[in-house]
Amino acid sequence: MVLDTTNTVNLPKNLIEQLEGYGISADSIFISALADMNLDCQYEPCYIIVCKDKLVMALGTTKKRETHIYGKHRDSSKLFQSYQWAVKIFDLNKYDSLDIQPLISGGVLFGVKDENPVSLVAFSGSQMGDFRRLVNVYNKLAKNEELTDEDLKPEDDDIFCPKCGAIYPDRARKICPKCMDRRSVFFRMLAYFKPYTGKIVVMMLCYLGAAGLNLVWPYLNGTVLYDKVFGKNEEFLRFVGLPAGKFTVLLAAVVLSMVITKFIGQVLGIIQGVMTAKIVPDVVKTIKSQVFDSMGRLSINFFTSRQTGSLMTRVLDDANFITGFFIDGLPYFFINVLTIISTCTVLVMINWKLAIASLILLPLLTFVSYKLLPRLWHYYGKRHRASRSLYGQLNDNLTGARVVKAFGQEDREIKRFERYNSQMRDAELSLVGFDNRFYALYSAVQNIASFIVWGFGSIIVLYTGDLEVGMLISFAGYVTQLNGPLDFMSHIFRWWAESANSAQRIFEIIDSHPEVAERDNPVHMPEIKGKIKINNMTFGYEPNKPVLKNIDLEIKPGELLGIVGRSGAGKSTLVNLISRLYDPDEGDIYIDDVNIKDMSFKDLRRSVAMVSQETYIFMGTVAENIAYSNPDATPEQIVAAAIAASAHDFICKMPDGYDTIIGSSGRELSGGERQRISIARAILANPKILILDEATASVDTETERAIQRSLDRLVKGRTTISIAHRLSTLANADRLVVLDEGRITECGTHEELIKLEGTYYKLVQLQKEALTIRGISEEDI
Amino acid sequence: MSTIHCQSKPKGTEAKTEQSAYTDDILKIKYITKGNAKFKRTPGGFVSLEFEGKFYSRVSVYRAFPFTNPDSFISIRQPDEKAEEIGIIRSLNELDKETAEIIREQLNIRYFTPEIKKIIDIKDEYGYAYFDVLTDRGACRFTIRMNTSSVIRLSETRILIVDIDGNRFEIPDITKLSAAELKKLDLFI
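Residues numbered from 1 in each chain as written. Chains lettered and ligands numbered in written order. Predicted model: local features only at pLDDT ≥ 70, side-chain atom pairs only at ≥ 80, totals over all residues. Heavy atoms only, no water.

### With respect to the overall build of chain B
Stage number 1. Of regular secondary structure, chain B possesses four helices and 12 strands.
Stage number 2. Of all 189 residues assigned to chain B, the portion counted as buried reaches 38%.
Stage number 3. Considering only contacts within chain B whose residues lie at least 6 apart along the sequence, 33% involve residues at least 24 apart.
Stage number 4. A total of about 10700 Å² of accessible surface is found on chain B, and carbon and sulfur atoms cover 51% of it. (Helix = DSSP H or I, 4+ residues; strand = E, 2+ residues; numbered from the N terminus. Buried < 20%, exposed > 50% of the residue type's maximum accessible area, 1.4 Å probe, protein only. Contact = heavy atoms within 4.5 Å. Areas by Shrake-Rupley, 256 points an atom, 1.4 Å probe, with all protein chains shown as cover.)

Have a look at this one:
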């Protein structure tokens, strides 16, 4: 077999040349890793290289030490080009095996010879993946095992942006915020607004109209009012077609047109506002539904690998943010560009000298807000964080009030609260302080600009006569009008970059493919018998860290199988795999001899129901919650299921009975009550395969017995897998399986396992002892 | 019912005493002292331990209170995945100088955390912050996430920074930073 080693070599050129001098060609190198520390905790590069038959250690030395860069870098081989390499070459049998002693972050690579460990180099957390792979390759070679391409494949083939070489901030996302294709994101986003083209055109016209009126206003209230009306300009009277001397009429006409201008401006503003109000919620809704829809299709891994909080932000905030940009930002951008150009033109036309003098400071104003606004936001962010931790502390205290009181720690809590409270005050103070300074500076620059206009302008009016007073007022009006658009331009680009990032995040969810996907032509199995077969299955949530190892298991139809084992042994993982929340890394699971990967999701979900340790209650009535798996269930079926789950009594005792609203904002249920509702849900689903994952852990023994009895009835004719810590729960199990560190260590009936005197026997003894203290006899278990 | 059970179970009581001895053993702190243990450097650069008649060819050292009490309550554990505890050193000061030195070497590498002496630059962009600093180990650069708790306040003045790969950095006393440096760091504290 020819292995592809082209991607594996990422070594400095001079080192490769040096190695070739020792007879080690670049293509004989299987894998290399960079140890970035030595054993004395000093930064010192050392490449560990595994070739066909050699182990090479190349220690870099240099006179001038470079800045140490954490994390992988595309040019890491270039980073050390000026280094000298002290190369040591060993045969592959130098160590029987290599291994890693993990540190808090990073690790120490050591070799084992005749069971004696010898430490070689240390490396930071950034290099862990490389070293794991290197150790794996070395150990396979040392044992003369065959290597596969999989072994040599770099962990993250492309963690760098191919364009700019920066590391992707989020490796799972593989998106470079700097180089991402904003144009395609832009046009895709634009597509959401296509249905509203008409409204958007109206909106744009309103914006344009408003911008036009903005140009007219200073002219009216400056030059027309002062120069033509107050200045008694006869020529202007003739121009507008009024008889000579009728300046009162002219004044009335000017005032009227000023009123009309303002009025139209207001009307345009209202129309534009109405249009925005019509478009924005619709688009936001469309985007949110699309995101939610895609999230529903995604596999469970997506939800566990990200924080639920950040998902919520994505769905809720990102959509708002983007729509805000497209509705508020984009049209304003064009309008503002237009306003700036036209206003400047008008200014230059009125008086080019004054225009230059007054515009000279405007870039400074733009610069001030460009530089300082982000800092202002930063203070806002800080206050936001402070208030969040204050609320967090408050929330903590209110929910934990019982504990605080029980331990008499009120004073300490008050002090703690005091601390967060002062943090909040400090954040508020620095925000207000900066805010004031910012606006002081901003208006200072603004005022200077207008001083220049007025001062310089007055000189022109007084001495050169190039300008009239009214014209100067108009001029000043135009200059003030520039402030808004320029301010806007100073942060539009940041706004755009951020909303493009938001849009990208949304598309990422909309586009992502579920890891656990239904096959194209799934097998339909309306009726199953309930046989389960697991074939040499290995699974881990993270690569190289298997939680379940080589599981072989066969469960007969109708069998009740108990799974016991320490916490963390992989019990819940095993049942999650059977209900296909995840797919195994190796091996397969069959239901009725059909691989579950080939089964249709609908049939699989209908055939397998799970009551897990995490009960989830949706917002809705008790009846709706029970009928979640089968919305068409009759009231009779719902009550029957509730009775079977021992839930009927407590439900009837609630004032609103089965119509009681429960869930996040409804009535609080106890842990046991929630669990019984989820059992009722599973009973109503009437699955062929029932999985009980600590289903009765939070109910009292008496209730457990009651549920147990109804479960006994329920499990007849179906395959049941039950996980329990309380062994009494598994009293009726046909067979028991003991899981330990991800392996099945024992398997058999209760009697067989007792005879074995293994883990199960020990567990039974321990629980028996616990019970004898309380005076409960063995037979009761 | 229950009274009868209580009286008629002498067998169970026996089992209890036997089991309790086992449980009590687990529940006690097993101290490793100068007198009952012998730590040695191995030729391979690790540490071996002779304790309670058993010889451990390699042991791992863990701090129970890495920030508040780094020299006390050092947990000595098996080097494998399960990392079962062998015993606890109450304080490194209670050991003889050489042994304490051996343990310290191991702790230093396990808890490798460069101290930031000077902040040259912090750039934040798209939810990530890029640090350029001078540490007691030399100049270095690293990247942290902005949204999660990458910057942990250990006390009013002490800060721990965890980068995207889990590497740790410490600022022992932020009041010793210059005003300009504090300004750069302000976003995180």
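So that's the structure; there's more coming.
### A look at the overall build of chain A
Stage number 1. When helices and strands are counted, chain A shows 24 helices and 20 strands.
Stage number 2. Taken across its 781 residues, chain A has 47% of its residues classed as buried.
Stage number 3. Partitioning the intrachain contacts of chain A with sequence separation of at least 6 by distance along the chain shows that 69% fall at a separation of at least 24.
Stage number 4. Total accessible area computed for chain A in this model is approximately 40100 Å², and 56% of it derives from carbon and sulfur atoms.

### Here's the deal with the sheet that holds strand S12 (residues 168-171) of chain B
All names here are of chain B.
Stage number 1. As summarised here, the arrangement of the three strands in space is S10-S11-S12, forming an open sheet in which the pairing is antiparallel. The open sheet terminates on both sides in strands that have one partner only, identified here as strand S10 (151-153) and S12. Within this sheet the neighbouring strands show an average axis-to-axis angle of 20°, counted without direction.
Stage number 2. When S10 meets strand S11 (residues 159-162), the two strands line up antiparallel, connected through three bridges. Note on S11: the bridge partner recorded for Ile152 is Leu160. (Pairing = 2+ DSSP bridges. Axes fitted to C-alpha atoms, helices over the stretch in contact; angles between N-to-C directions.)

### Remarks on the packing of helix H12 (residues 362-399) of chain A against helix H14 (residues 410-464) of chain A
How two helices pack is summed up by the angle between their axes together with the distance between the axes.
All names here are of chain A.
Stage number 1. Where H12 meets H14, the closest approach of the two axes is 9 Å, and the angle between their N-to-C directions is 165°. By the criterion of interaxial angle, the relationship of H12 to H14 is roughly antiparallel. Remark: the crossing between H12 and H14 carries left-handed chirality. (Parallel < 35°, antiparallel > 145°, perpendicular 65-115°, else oblique. Left-handed = near helix turned anticlockwise from the far one by under 90°.)

### Considerations on helix H3 (residues 97-110) of chain B
Stage number 1. Compared with an ideal rise of 1.5 Å per residue, which puts 14 residues at 20 Å, H3 of chain B spans 20 Å between its outermost C-alpha atoms and is within 8% of the ideal.
Stage number 2. Looking only at H3 of chain B, the buried set comprises Thr99, Ala100, Ile102, Ile103, Gln106, Leu107, Ile109 and Arg110 of chain B. (Expected span 1.5 Å × (residues − 1).)

### Some words on a nonpolar patch on the surface
Residue and element names in this part refer to chain A.
Stage number 1. A contiguous nonpolar surface patch, about 570 Å² in accessible area, is contributed by Val202, Leu256, Ile260, Phe263, Ile264, Val267 and Ile271.
Stage number 2. For the nonpolar patch, the element with the most residues is helix H8 (residues 247-297), which contributes six residues.
Stage number 3. Secondary-structure assignment places Val202 in helix H6 (residues 197-230).
Stage number 4. Val202 sits in the partly exposed class, given a relative accessible area of 34%. (Patch = residues over 30% accessible without salt bridge, like charges linked within 9 Å, V, L, I, M, F, W, Y side chains within 5 Å. Salt bridge = Lys/Arg side-chain N within 4 Å of Asp/Glu carboxyl O.)

### Concerning the packing of aromatic side chains
Residue and element names in this part refer to chain A.
Stage number 1. Taken as a whole and assessed by the stated rule, the structure comprises 18 aromatic pairs over all chains.
Stage number 2. Measuring from centroid to centroid gives 4.3 Å for Phe618 and Tyr628, while their planes differ by 15°, and the two rings are stacked. Within this pair, whereas Phe618 is found in the loop between strand S14 (608-611) and strand S15 (620-621), its partner Tyr628 is found in the loop between helix H18 (622-626) and helix H19 (635-644), the two being separated by 10 residues in sequence.
Stage number 3. Taking the relative accessible area as the measure of exposure, Tyr628 reaches 49% and is therefore partly exposed.
Stage number 4. Ring pairs connect the aromatic residues Tyr47, Tyr83 and Trp85, which therefore count as one cluster.
Stage number 5. The ring centre of Tyr420 lies 5.3 Å from the NZ or CZ of Arg419, which sits over that ring.
Stage number 6. Positioned above the aromatic ring of Phe601 is the side chain of Arg605, whose terminal nitrogen or guanidinium carbon lies 5.0 Å from the ring centre. (Phe/Tyr/Trp six-rings, centres within 6.5 Å; stacked < 30°, edge-to-face > 60°. Lys NZ or Arg CZ within 6 Å of the ring centre and 35° of its normal.)

### As for unusual backbone geometry
Residues and elements named next belong to chain A.
Stage number 1. The phi angle at Cys41 is positive, at roughly 65°, despite the residue not being glycine.
Stage number 2. With respect to the helices and strands, Cys41 occurs in the loop between strand S1 (29-37) and strand S2 (43-51).
Stage number 3. Unusually for a residue other than glycine, Arg580 sits at a positive phi of about 55°.
Stage number 4. Relative to the helices and strands, Arg580 resides in the loop between helix H16 (571-578) and strand S12 (586-591).

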